[in-house]
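Read off the chains here:
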Amino acid sequence: MSAVDQRSSKFNLLDYDRQGLRDVFAQLGEKPYRAEQVMKWIYHRHVTDFAAMTDVGRALRDKLEAACEIVPPKTMFEKQSADATHKWLLGMDGGSAIETVFIPESTRGTLCVSSQIGCGLNCTFCSTGTQGFNRNLSAAEIIGQVFVAAKHLGNVPHRQRKLTNVVMMGMGEPLLNFDNVVRAMSVMRDDLGFGLANKRVTLSTAGLVPMIDKLGEVADVSLAVSLHAPNDELRTQLVPLNKKYPIAELLGACQRYAARRQRTTITFEYTMLKGINDRPEHARQLIKLMRQLPSKVNLIPFNTFAGTQYERSDEGDIRDFQTILLDAGVLTMVRRTRGDDIDAACGQLKGQVVDRTRRQADFRRRVEEGAKHAA
Ligand code: SAH
């Protein structure tokens, strides 16, 4: 059995933000500032062994050894793509595994982090959705993904920064795992943690309106919204959550989020699906929505996966769609597909979800029926 499989009664220090760690140290009868010393060992030097923390007194080290542990997720498998995108499959308690992806570019390095094992939202064009939902990740399992990548990269916050951005765009819906995600994002932005600027940590949501408001109250991070369609009828087909929180309400929450901070733009993700949402009239509808708030659009060429009914839009259609938006003054980028040769591109992350729902079996049945149909 691996360390992560064993239920331990020790405090896993990766589970706490700075204040939480100070509380743990206070509970152990120690001075809270000692927690900050230890935090630096963990996130700046990637040390998990208390014995190696040489500026921490011997007595405290022994006490920590007895009551605490620092256990990042275990790497089960890792793979590098031809374009240097790096993907980790990380083992979680209970036999499931999740995926984390590092995307290096000339001026930045972005880590795409998962928040849940599987996802319950069932967006029809997303591979993670076909896996069903297993459980929320703990804060340690979320920040642990950053830890594993930072250690692999030899990242040193403030000095040798390889990891400059984190996007909560991996598996799962981060706003449905609110407390753990907020705590992990706090460590990402803490100087004693990974030291990232607020705007370099992005949370992406399918649009949970009340939780967007709640996020605005507690954390100052960049917000991305998975829009994918410019009208309710189409959006409900692609993102079933739209039935509960239709576009007008979603944009209202985005306006409130943006109004809380200066010079903030909300990013709207729009996966380009051939013949479904990529027509010029869709672009014109989208312009009207984007004019309602400070926004930019990220067009994502659809990444295919086994059993999907969708196809990627033609390159020319994506360009035309972008041009219509740009001509109307809507800042629009096309996201370059990275890591698709190792199934690390947007929407291709599936990990190994031990499914507690029946969705995966349903999906397989549909695929088989579809295959029969096509034959
Ligand atoms: N649940 C959150 C976080 C996931 S982010 C959210 O919905 O925002 C992953 C991003 O990739 C989302 O914008 C998602 O809609 C998009 N995506 C999902 N499947 C995709 C696919 N097959 N091809 C391209 N983009 C996809």
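The numbers attached to residues start from 1 for each chain and follow its sequence in the written order. Given that this is a predicted model, residues contribute local features only at a pLDDT of at least 70 and side-chain atom pairs are listed and counted only at 80 or more, while totals for whole chains, interfaces and linings are drawn from all residues. Hydrogens are left out, water is left out, and the side-chain values use all remaining heavy atoms of the structure.

**A short note on the packing of helix H4 (residues 139-153) against helix H5 (residues 178-189)**
No. 1: The angle between two axes is taken between their N-to-C directions and runs from 0 to 180 degrees, where each axis is a line fitted to C-alpha atoms and a helix contributes only its stretch in contact. Here a strand is any run of E in DSSP of at least two residues, a helix any run of H or I of at least four, and the numbering for each starts at the N terminus. Relative to each other, H4 and H5 sit at 35 degrees, their axes nearing to 8 Å. Here the hand of the crossing between H4 and H5 comes out right-handed. Packed against H4, whose contacting residues are Ala139, Ile142, Ile143 and Val146, the element H5 presents Asn180, Val181, Arg183, Ala184, Val187 and Met188 at the interface.
No. 2: Each residue receives one of three labels: charged for Asp, Glu, Lys and Arg, nonpolar for Ala, Val, Leu, Ile, Met, Phe, Trp, Tyr, Cys and Pro, and polar for the others, Gly being one of them. When grouped by side-chain class, the residues that make up the contact of H4 with H5 number eight nonpolar, one polar and one charged. Each crossing is labelled by how the near helix is turned from the far one, with a counterclockwise turn of less than a right angle marking it left-handed and a clockwise turn marking it right-handed. When checking whether two residues touch, look at their non-hydrogen atoms; a contact exists if any pair is within 4.5 Å.

**Quick notes on the nonpolar core**
No. 1: Grouped together as the largest cluster of nonpolar side chains are 105 residues, with contacts concentrated most on Met188 and Leu215.
No. 2: Element by element, the count of residues in this core is highest for H4, at nine residues.
No. 3: Note: domain ranges come from an automatic or database domain assignment. The two domains that each donate at least three residues to this core are domain 1 (11-69) and domain 2 (74-366).
No. 4: Setting aside residues no more than four positions away along its own chain, Met188 makes contact with Ile142, Ile143, Val146, Val166, Met168, Phe194, Gly195, Leu196 and Val201.
No. 5: Val101, Ile103, Ile342 and Ala344 belong to the second largest nonpolar core, which has six residues in total. To define a nonpolar core, start from buried Ala, Val, Leu, Ile, Met, Phe, Trp, Tyr and Cys residues and group those joined through side-chain atoms within 4.5 Å. Here the term buried applies to any residue with accessible area under 20% of the maximum for its type, exposed to any over 50%, and partly exposed to those in between, with areas from a 1.4 Å probe on protein chains only.

**Thoughts on the domain arrangement of the chain**
No. 1: When cut into domains, the chain gives domain 1 (11-69) and domain 2 (74-366).
No. 2: Using C-alpha coordinates to define each centre, domain 1 is positioned 32 Å away from domain 2.
No. 3: The interface of domain 1 with domain 2 comprises 14 residues on the first partner and 20 residues on the second.
No. 4: Throughout, buried area stands for the accessible area (probe radius 1.4 Å) lost by two parts on being put together, summed over both. Across the domain 1 to domain 2 interface the summed buried area is about 1,500 Å²; carbon plus sulfur atoms make up 64%.
No. 5: Just to be clear on terms, a salt bridge is a Lys or Arg side-chain nitrogen sitting within 4 Å of an Asp or Glu carboxyl oxygen. At the junction of domain 1 with domain 2, the criterion picks out one salt bridge.
No. 6: With its nearest N and O atoms 2.6 Å apart, the salt bridge here joins Arg18 to Asp190.

**Let's talk about the side chain of Glu173**
No. 1: Within the element layout of this structure, Glu173 appears in the loop between strand S9 (165-168) and H5.
No. 2: Among buried Asp, Glu, Lys and Arg side chains, Glu173 stands out as unpaired, with Arg235 the closest opposite charge at 8.4 Å.
No. 3: Identification of polar contacts relies on pairs of N or O atoms within 3.5 Å, with a donor-acceptor requirement for protein atoms, meaning one able to donate a hydrogen and the other able to accept it, and with residues adjacent in sequence counted only if both atoms are side-chain atoms. Of the polar contacts made by the side chain of Glu173, one reaches the backbone nitrogen of Leu175; its length is 3.1 Å.
No. 4: Excluding its chain neighbours within four sequence positions, the residues that come into contact with Glu173 are Ser115, Gln116, Cys119, Leu121, Ser204, Thr205, Ala206 and Leu208. Positive charges come from Lys and Arg alone, negative charges from Asp and Glu alone, with His and the N- and C-terminal ends not counted.

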